[in-house]
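Structural description and commentary
Residue strings, one per chain:
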Amino acid sequence: DLTASFHDHTFQTPLMNASGVYCYTTEELDNLLASKAGTLVTKSATINYRAGNPEPRYRNLALGSINSMGLPNEGLAYYLDYVLKKQADPTVPTLFLSVAGISMAEDLDMLSTIDQSDFNGLTELNLSCPNVPGKPQVAYDFEATEKMLAAAFERFHKPLGVKLPPYFDLTQFDIVAQILNQYPLAYINTINSIGNGLYIDVDSETVAIKPKGGFGGLGGAYVLPTALANVHAFRQRLNPEIAIIGTGGIENGADVFAHLLAGADLVQVGTQLMKDGPDVFTRLAAELADIMNAKGYHKLADFKGKLKTL
Ligand code: DHB
């Protein structure tokens, strides 16, 4: 039984896409709904359509991926229309709608639009896009993060989560958790890509992607231990009412199991979904079930958050 409880909701599996991967168009979103994913999140939206950065802007690598997409998306109305249509269908699970404004004003404008709509799913405020030239990742600026959350909760009354970048120092986890614990967040999603890596192909002596001279967000196997550290460090520090989505480096069922053991309630798959398409969820669900059977676990709660130390 892979049923996952999350906030006020249950999903058939704890698996979903990571935002930005396979979620730009209604066709891709419909394919996710037809897969073994328990739910989905839409591509982070700005108010208006954006073309994003010049191509090539995503590359699969042997150990993961690098991207600098630059927030290409169809605009908030497109994704809000999609989730509103789907929520009328009782066979469709609760969906996640992601927003990533280029400014705090744009974030607040989108949150107001969603608040005033009939959307009854979960909204994810992305504070961690590393790929818009000249725009810092909000969540690395603790003062800006606190201001953003204070302003968001003044006008937003529906379940809200935040997408965070990876942190690396234990004092950062202390500071960020202390800020997050002051707000009635439904959840956090950790991690976004490790920002501004640089992949170099030695044969051609070149970078792998065009935007920003080759600097881009890392995903895949490169990021798994960082992702697990962020999930676990936040689970140790956040109010128990704040759920956690674990994202980063999931290639197989054991990686899903590790995220859940570290304290994730749901997990998201980015790079491996790019590589395999939505059938990846069939394999991951089967591999997770096999591991649980071998260990004698019948449900996720049997091991979720129960990581052992030495
Ligand atoms: C993009 C990348 C991200 O990691 C993110 O959180 C939002 C947008 C992008 O480049 O499109």
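Quick summary incoming for the structure in this document. (Residues numbered from 1 in each chain as written. Predicted model: local features only at pLDDT ≥ 70, side-chain atom pairs only at ≥ 80, totals over all residues. Heavy atoms only, no water.)

1. Concerning the pairing of strand β5 (residues 64–67)
Short version of the rule: Whether a residue is buried, partly exposed or exposed follows from its accessible area with a 1.4 Å probe, protein chains only, as a fraction of its type maximum: under 20%, in between, or over 50%, in that order. In this description a helix means any DSSP run of H or I spanning at least four residues, a strand means any run of E spanning at least two, and both kinds are numbered starting from the N terminus. At least two DSSP bridges between two strands are needed for those strands to be called paired.
Alternating positions in β5 separate into two faces, G64 and I66 on one and S65 and N67 on the other, with burial throughout. The hairpin formed by strand β4 (residues 58–61) and β5 contains 2 residues between the paired strands. Where β5 lies against strand β13 (residues 215–219), 3 bridges are found, and the strand directions are antiparallel. Pairing of I66 across the sheet is with L218, part of β13.

2. Regarding the layout of surface pockets
Any empty space left between atoms is shown by rolling a water-sized probe over those atoms. Under the convention used in this document: Using a 1 Å grid laid over the protein atoms alone, points where a 1.4 Å probe fits but cannot get out form a cavity; open sets with protein on both sides within 12 Å along at least 5 of 7 lines form a pocket; any residue with an atom within 4 Å of a point counts as lining. Grid points are joined across faces, edges and corners, and a volume is the space filled by probe spheres set on the points. Here the nonpolar group is Ala, Val, Leu, Ile, Met, Phe, Trp, Tyr, Cys and Pro; Asp, Glu, Lys and Arg are the charged ones; every other residue, Gly included, is treated as polar.
Put simply, the largest pocket is a space of about 610 Å³. Taken together, 37 residues line the largest pocket, and the ones lying closest to its centre are S19, G20, V21, N67 and N192. Of all the elements in the fold, those that place two or more residues in the lining of the largest pocket are β5, β13 and α8 (271–276). Taken together, the residues of the lining of the largest pocket sort by class into 15 nonpolar, 19 polar and 3 charged.

3. With respect to the sheet that holds β13
Stated formally: Helix axes use the C-alpha atoms of the stretch in contact, all axes being lines fitted to C-alpha atoms, and the angles between their N-to-C directions lie in the range 0 to 180 degrees.
Spatially, 4 strands are ordered β4-β5-β13-β10 in an open sheet, and the strand pairing comes out antiparallel. Every interior strand has two partners, whereas the edge strands, β4 and β10 (194–198), have only one. The mean angle between the axes of side-by-side strands here comes to 35°, regardless of whether they run parallel or antiparallel. Examined bridge by bridge, β10 and β13 share 3 bridges and lie antiparallel to one another.

4. Considering the packing of helix α3 (residues 104–116) against helix α4 (residues 142–155)
Keep this limit in mind: Angle categories: roughly parallel below 35 degrees, roughly antiparallel above 145, roughly perpendicular from 65 to 115, and oblique for all the rest. Two helices crossing with the near one rotated counterclockwise from the far one by less than a right angle form a left-handed crossing, whereas a clockwise rotation gives a right-handed crossing. Contacts are residue-level and defined by heavy atoms, with any inter-residue pair within 4.5 Å sufficient.
At a closest axis distance of 9 Å, the pairing of α3 and α4 adopts a crossing angle of 25°. The angle between the axes of α3 and α4 places the two elements in the roughly parallel class. The chirality of how α3 crosses α4 is right-handed. In this structure, α3 contributes M104, D107, L108, L111, S112 and D115 to the contact, and α4 contributes K147, M148, A151, A152 and R155.

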